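Structural characterization, general
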Amino acid sequence: MTKNQEAELVRLTQQCWEHYWRLDLDFMLSYCDEKVTWIGAEQNEFIRGLEDVKQNFAELRLHLRSCHLLNQEFYVAQSSKKACSVIGRYFVTTDETNDYFLQAQQRCTFVWEIKDNAYKIMHIHVSNPMGELKVARGERFVNTIGYMANRYLEENFKKRFFGSLITITDVNGAVRFIYLSEIMYVKAQRNDLSIVMTNEQIDVKMNITEFMELTDNKFLKVHRSYAINTDFMSKLERYTVTMKNGEQIPVPVKKYNEIRDEMIRMHNSEKV
């Protein structure tokens, strides 16, 4: 095959996988020859013939989750006048829209032929590194481990958010260890500070300036008596911040534009 033909088959191989993991399995099937063979990662995925491959794909479609590919590498391994083998490796990563997390490496081989002036897939072989993925009994895909990973990330997100754990002593003398991600806002009341969290309120002998210094100014001071965690902010309007639990926090009229601009800056910086 010519270099242009080889480049086109590398591109088509990449496209086949991108469509496959977007759950458009028909794109790959449209290029498959009637005598195509599929060797997949499952024990019984040694399949010959287009109709049987279609049936396998129909069953897989019920178990797969929408994913995208990272670190893609595809190469021509062998090429002759009418045939070309393309090999590749990449990471499959679940989309952010899923209540599910998985990232796994895959390797593949596609064997293409030119038949009746059209490119046809004669053989597909896909595998994962040994021991990388564990499938629960009765599963066609690693859904159980995906849900477990997602729960793990959710739990650990709290611990890593802001990268901080503070230690304080409450008004009763108890030493408390608090992740900043659990704090919705703080409210100054005379010589005390109320730390309002997702599941409790803690009162400490501290002023709001000392709290801001302790937390490295990661909270936004919207009032002389209030500082908020903007991740719990639902809405900003004149002249109130509404938190996700429905509580409303006042914003001074003269400070409104300044606070609005700072909120936008903080959220934009988090996306970078």
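Structure: above.
Let us look at the structure shown here.

The rules we used
As a convention, each chain's residues are numbered from 1 in the sequence order in which they are written. Where totals are concerned, whole chains, interfaces and linings use all residues; where local detail is concerned, this predicted model gives features only for residues with pLDDT of at least 70, and gives and counts side-chain atom pairs only at 80 or more. Excluded from the side-chain calculations are hydrogens and water; all other atoms, namely the structure's heavy atoms, are used. Per the convention used, a helix needs a DSSP run of H or I reaching at least four residues, while a strand needs a run of E reaching at least two, with both numbered from the N terminus. Residues enter a nonpolar core if they are buried and are Ala, Val, Leu, Ile, Met, Phe, Trp, Tyr or Cys, with the set joined through side-chain atoms within 4.5 Å. Note on exposure labels: buried denotes an accessible area under 20% of the residue type's maximum, exposed denotes more than 50%, and partly exposed covers the range between, all computed with a 1.4 Å probe on protein chains only. Pairs of residues are marked as contacts when any of their non-hydrogen atoms sit within 4.5 Å. Strand pairing follows a simple DSSP-based rule, namely that at least 2 bridges must link the two strands. Fitted lines through C-alpha atoms serve as axes, helices being fitted only where they are in contact, and the angles separating the N-to-C directions of these axes extend from 0 to 180 degrees. We call Phe, Tyr and Trp rings a pair once their centres come within 6.5 Å, taking the six-membered ring for Trp, and we label the pair stacked below 30 degrees between planes, edge-to-face above 60, and tilted otherwise.

1. Topic: the environment of Lys 54
On the secondary structure map, Lys 54 appears in helix α3 (residues 50-61). Measuring from C-alpha to C-alpha, the distance between Lys 54 and Leu 25 comes to 9.0 Å, with 29 residues separating the pair along the chain.

2. Considering unusual backbone geometry
In this structure, Tyr 239 follows Arg 238 across a cis peptide bond, with omega equal to -5°. Mapped onto the secondary structure, Tyr 239 falls in the loop between β14 (233-237) and β15 (240-243). Phi is positive for Arg 190, close to 55°, though the residue is something other than glycine. Within the secondary structure, Arg 190 sits in the loop between β9 (183-189) and β10 (192-197).

3. Focus: the nonpolar core
With 35 residues, the main nonpolar core has Trp 17, Tyr 20, Met 28 and Trp 38 as its most contacted residues. Not counting residues up to four positions away in its chain, the partners in contact with Met 28 are Cys 16, Trp 17, Tyr 20, Trp 38, Phe 57, Phe 110, Ile 121 and Ile 124. Counting residues in each nonpolar core, the second largest holds 18 residues, with Ile 168, Ile 183, Met 197 and Val 204 among its members.

4. Regarding the sheet that holds strand β3 (residues 67-79)
The six strands are arranged β2-β1-β6-β5-β4-β3 in an open sheet whose pairing can be described as mixed. Two strands close off the open sheet at either side, each with one partner strand: β2 (46-48) and β3. Sheet twist, expressed as the average angle between the axes of neighbouring strands with direction ignored, equals 20°. Two strands pair when backbone bridges link them, and strand β4 (residues 83-94) and strand β5 (residues 103-115) are joined in this way by eleven bridges, in the antiparallel orientation. Bridged to Ile 87 within β5 is Thr 109. Contacts from helix α1 (residues 3-21) reach β1 (32-39), β3, β4, β5 and β6 (118-127) within the one sheet, and its direction differs from that of β3 by about 150°. Sheet contacts for α3: β1 and β2; angle to β1, the most-contacted strand, approximately 55°.

5. Examining the packing of aromatic side chains
Summed over all chains, the structure comprises 15 aromatic pairs. The interplanar angle of 40° and the centroid separation of 5.9 Å between the aromatic rings of Trp 17 and Tyr 90 together place this pair among those described as tilted. Placement of the pair is Trp 17 in helix α1 and Tyr 90 in strand β4, with a sequence separation of 73 residues. Taking the relative accessible area as the measure of exposure, Trp 17 reaches 1% and is therefore buried. Residues Tyr 31 and Trp 112 carry aromatic rings whose centres are separated by 5.8 Å and whose planes lie at 75° to one another, so their mutual orientation is edge-to-face. One end of the pair, Tyr 31, is in the loop between α2 (25-29) and β1; the other, Trp 112, is in strand β5, and 81 residues separate them in sequence. Taking the relative accessible area as the measure of exposure, Tyr 31 reaches 22% and is therefore partly exposed. Three or more aromatic residues joined by ring pairs form one cluster here, namely Trp 17, Tyr 20, Trp 21, Phe 27, Tyr 31, Trp 38, Phe 57, Phe 74, Tyr 90, Phe 110 and Trp 112.

6. Quick word on the side chain of Ser 225
Within the secondary structure, Ser 225 sits in the loop between β12 (220-223) and β13 (226-228). Under the relative-accessibility criterion, Ser 225 is labelled buried at 19%. With sequence-adjacent residues up to four places away left out, Ser 225 is seen in contact with Val 186, Lys 187, Ala 188 and Ile 208.

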